[in-house]
Amino acid sequence: VQLQASGGGVVQAGDSLRLSCADSGRGINNAHVGWFRQAPGKEREFVADVTYIGGRTSYADSVKGRFIISRDKVASTVFLQMNSLKPEDTAVYYCAARSGVIFTPLLNADSYDYWGQGTLVTVSS
């Protein structure tokens with residue numbers, strides 16, 4: 001699994017962005033995938049994840065109702081659609097993957113085996 005995150009940028013509050021996490025090796029299609037973010041001076045925090053079987057999703061309370069995680073298995077890509085962005089969403093966003101069948105949310109970064117390089121999202125007020 002080799003993850004490549006992209007789609008970050010500079011936007012205004014209220015705007016939308018879609019982040020992509022692609023894997024040319026297609027291993028992401030058989031993995032539990034999560035998005036995390038790290039703001040300056042803060043610890044990395046869970047944003048959202050999607051299970052391998054069933055495509056169950058879970059979200060951090062801070063993004064629930066605004067962000068949507070989804071898969072495109074044909075493209076071997078997991079997306080994070082971010083709507084109604086706020087300045088506090090500013091961070092480097094990372095995608096992560098763990099192979100295997102896992103039915104519960106993986107909220108801890110230590111639970112993931114593979115990481116993308118991160119993409120910066122800046123939301124101005």
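These numbers were taken from a predicted model, which means no experiment stands behind them.

(A) Spatial organisation of the pairing of strand E5 (residues 45-50). The buried fraction of E5 amounts to 5 of the 6 residues, a majority that puts the element mostly inside the structure. Sheet topology note: the E5/strand E6 (residues 57-59) ladder contains 3 bridges and is antiparallel. By the bridge assignment, Val 50 is partnered in E6 with Thr 57. Hairpin connection of E5 to E6: 6 residues between the antiparallel strands, including Gly 54 at a positive phi of 90°.

(B) Spotlight on the state of the cysteines. Overall, the coordinates contain 1 disulfide when judged by the stated rule. The disulfide partner of Cys 21 is Cys 95, and the gap between their sulfur atoms is 2.2 Å. Here the disulfide of Cys 21 and Cys 95 is right-handed, its torsion about the S-S bond being about 70°. One end of the pair, Cys 21, is in strand E3 (residues 17-23); the other, Cys 95, is in strand E9 (residues 91-99), and 74 residues separate them in sequence.

(C) How the structure looks around unusual backbone geometry. Of note, Arg 26 is a non-glycine position whose phi angle comes to about 70°, a positive value. When you line up the elements, Arg 26 lands in the loop between E3 and strand E4 (31-38). The class for Arg 26 is partly exposed, based on a relative accessible area of 43%.

(D) Summary view of the packing of aromatic side chains. A full pass over the atoms with the stated rule returns 5 aromatic pairs. For the ring pair Phe 36 and Phe 46, a centre distance of 5.7 Å and an interplane angle of 80° mean the geometry is edge-to-face. In this pair, Phe 36 sits in strand E4 while Phe 46 sits in strand E5, placing the two residues 10 residues apart along the sequence. Phe 46 sits in the buried class, given a relative accessible area of 12%. Every member of this aromatic cluster is reached through a ring pair, and the members are Phe 36, Phe 46, Tyr 94, Tyr 112 and Trp 115.

(E) Broad picture of the nonpolar core. Counting residues in each nonpolar core, the largest one holds 34 residues, and the members touching the most others are Trp 35, Leu 80, Met 82 and Tyr 93. Elements that contribute at least two residues to this core include exactly strand E1 (3-6), E3, E4, E5, strand E7 (67-72), strand E8 (77-82), E9 and strand E11 (119-124). At 5 residues, E9 tops the list of elements feeding residues into this core. Excluding its chain neighbours within four sequence positions, the residues that come into contact with Met 82 are Asp 15, Ser 16, Leu 17, Leu 19, Arg 66, Phe 67, Tyr 93 and Val 121.

Criteria and cut-off values
Residues numbered from 1 in each chain as written. Predicted model: local features only at pLDDT ≥ 70, side-chain atom pairs only at ≥ 80, totals over all residues. Heavy atoms only, no water. Buried < 20%, exposed > 50% of the residue type's maximum accessible area, 1.4 Å probe, protein only. Helix = DSSP H or I, 4+ residues; strand = E, 2+ residues; numbered from the N terminus. Pairing = 2+ DSSP bridges. Disulfide = S-S within 2.5 Å. Phe/Tyr/Trp six-rings, centres within 6.5 Å; stacked < 30°, edge-to-face > 60°. Core = buried A, V, L, I, M, F, W, Y, C linked by side-chain atoms within 4.5 Å. Contact = heavy atoms within 4.5 Å.

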